[in-house]
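Residues per chain are reported as follows:
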Amino acid sequence: MKELIECYVEEIRSATIEAAEDRAAQIEKFRVRFLGRKGVMNELFEQFKTLPSDQKKEIGIALNQLKNAAMEKVEEFRCYLEQAPTMEHKHDLTLPTDFESIGSRHVLSVTMNEIVDIFSRIGFTVEESVEIEDDWHLFSALNFPPDHPARDMQDTFFVEKQEGRQEVALRTHTSSVQVRVMEHSQPPIRIIAPGRVFRNEAISARAHCIFHQVEALYVDRHVTFADLKQTLLYFAKEMFGEQTQIRLRPSYFPFTEPSAEMDISCNICGGKGCNICKGTGWLEILGCGMVDPNVLEACGIDSKQYSGFALGMGVERMAMLKHQIKDLRLYFENDLRFLHQFDNIV
Ligand code: DAH
């Protein structure tokens, strides 16, 4: 029996648990083998009863030592199990930093900041305003006739419709910020208003119900269309490169007179014609015009003394043209494979 006990002592001493397998199960298996009801210890104690009494003292001591060794080993394993996860996740501080895990700005934020930067270099300051707007600031003050289609449910998300009260809607354009600014300040006014806008559109590669615009407004004495044109040329060159040319086409917006749409020479083919510019050599990028005197008056600004220009552009479209993004939906899907492509454009 002495040899047998010595064998078990050695087995306990050299027992280990495999890190790769279920460690708690391995510990339990070890415990049951030695300390379980039908385990080694109980079996040895049974045999112990049958020993001649002159051997009992020596073997008894050895058995107790064996039992203690088994219990200590179980305890040692349990301590290891508790500490093991932290030991495994300890960082090696000598390894280089993992730059991948640092977040980056969304391509739309970068584009919006870039537009704001370009305008702030020529004295425009940022104005932000509410996204839930009333009829006056969205449409009436901006000279929209009562039956204009933009006031239709088809285009606008109305928030509440109460008898005898102004309608309230999610803003459909950032032009409403013009009104808010002119109502509470007098010229000279030179502001830029970046922000989110909402339209009741079916989501597709070319349209979304949420998108972003940047609006600019300049009101002072003697502001002319020439000021507008020079500002637009400066913006286009800063945004799309020195070689960029602009072209203005007559257009219509209720809040500007005259109104225009601006195209830039295609930054892909340089104006020769390609599939991005549909062979025309030009890309449409924004709407603009001289602020209609009706709008100035509605906001409490004397249209005899002051004139101004306004312009508005879509940020998604700017980013699409700059980075050749083909589908609007990509901006909002949070697919890291798309987003990581713009990690270095800040
Ligand atoms: N608000 C117009 C839109 O959402 C964009 C726009 C056009 C803004 C002409 C302007 C402007 O300030 O002068 O389509």
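Please refer to the structure placed before this passage.
Okay, so let's go over this structure. (Residues numbered from 1 in each chain as written. Predicted model: local features only at pLDDT ≥ 70, side-chain atom pairs only at ≥ 80, totals over all residues. Heavy atoms only, no water.)

Right, let's get into the pairing of strand S7 (residues 246-253). The side chains of a regular strand alternate between both faces of the sheet. Note: S7 against strand S8 (residues 256-265), 7 bridges, orientation antiparallel. For Ile-246, the partnering residue across the bridge sits in S8 and is Ile-264. (Pairing = 2+ DSSP bridges. Helix = DSSP H or I, 4+ residues; strand = E, 2+ residues; numbered from the N terminus.)

Ile-115, Phe-235 and Leu-311 are the most contacted members of the largest nonpolar core, which totals 45 residues. For this core, the secondary structure elements donating two or more residues are helix H5 (107-120), strand S6 (210-220), helix H8 (225-240), S8, strand S9 (282-291), strand S10 (307-314), helix H10 (315-323) and helix H11 (336-339). Here Leu-311 is in contact with Phe-119, Val-214, Glu-215, Ala-216, Leu-228, Leu-232, Leu-286, Gly-287 and Cys-288, once residues within four sequence places are set aside. Counting residues in hydrophobic clusters, the runner-up holds 25 residues, among them Leu-138, Leu-142, Ala-169 and Val-181. (Core = buried A, V, L, I, M, F, W, Y, C linked by side-chain atoms within 4.5 Å. Buried < 20%, exposed > 50% of the residue type's maximum accessible area, 1.4 Å probe, protein only. Contact = heavy atoms within 4.5 Å.)

Moving on, we come to the environment of His-106. Inspection of the secondary structure assignment puts His-106 in the loop between helix H4 (53-88) and H5. Considering only alpha carbons, one finds His-106 and Glu-76, 30 residues apart in sequence, at a separation of 51 Å. Apart from the residues within four sequence positions on either side, His-106 is in contact with Tyr-331 and Leu-339.

For the pair helix H1 (residues 2-14) and helix H2 (residues 23-35), the least separation of the axes is 12 Å and the interaxial angle reads 165°. Taken together, the axes of H1 and H2 lie roughly antiparallel to each other. As for how H1 packs across H2, the hand of that crossing is left-handed. On H2, the residues touching Tyr-8, Glu-11 and Ile-12 of H1 are Phe-30, Arg-33 and Phe-34. In the contact of H1 with H2, the residues fall into 4 nonpolar, no polar and 2 charged. (Axes fitted to C-alpha atoms, helices over the stretch in contact; angles between N-to-C directions. Parallel < 35°, antiparallel > 145°, perpendicular 65-115°, else oblique. Left-handed = near helix turned anticlockwise from the far one by under 90°. Nonpolar A, V, L, I, M, F, W, Y, C, P; charged D, E, K, R; others polar.)

Structurally, the α-helix is built with 3.6 residues per turn, so residues lying three or four positions apart point the same way. Most of helix H7 (residues 175-184) sits out of view: 7 of its 10 residues are buried. If you check which residues of H7 are buried, you get Ser-175, Ser-176, Val-177, Gln-178, Val-179, Val-181 and Met-182. Check the buried side of H7 and you find it contacts strand S2 (132-134), helix H6 (135-138), strand S5 (189-198), S6, helix H9 (293-298) and S10.

This brings us to the pairing of S5. Buried residues dominate S5, accounting for 8 of its 10 residues. Alignment of strand S1 (residues 125-126) against S5, held across 2 bridges, turns out to be parallel. Bridge assignment links Val-126 to a residue of S5, and that residue is Ile-192. Relative to S6, S5 runs antiparallel, the two being bridged by 10 bridges. Residue pairing across strands places Arg-190 opposite Tyr-218, the latter belonging to S6.

By the definition in use, this model includes 18 salt bridges. Among the ionic pairs, Lys-237 bridges to Glu-242, the shortest N-O distance being 3.8 Å. With a closest N to O distance of 2.8 Å, Asp-327 and Arg-329 form a salt bridge. Connected through shared salt-bridge partners, Arg-247, Arg-249, Glu-261, Asp-263 and Glu-284 make up one network. (Salt bridge = Lys/Arg side-chain N within 4 Å of Asp/Glu carboxyl O.)

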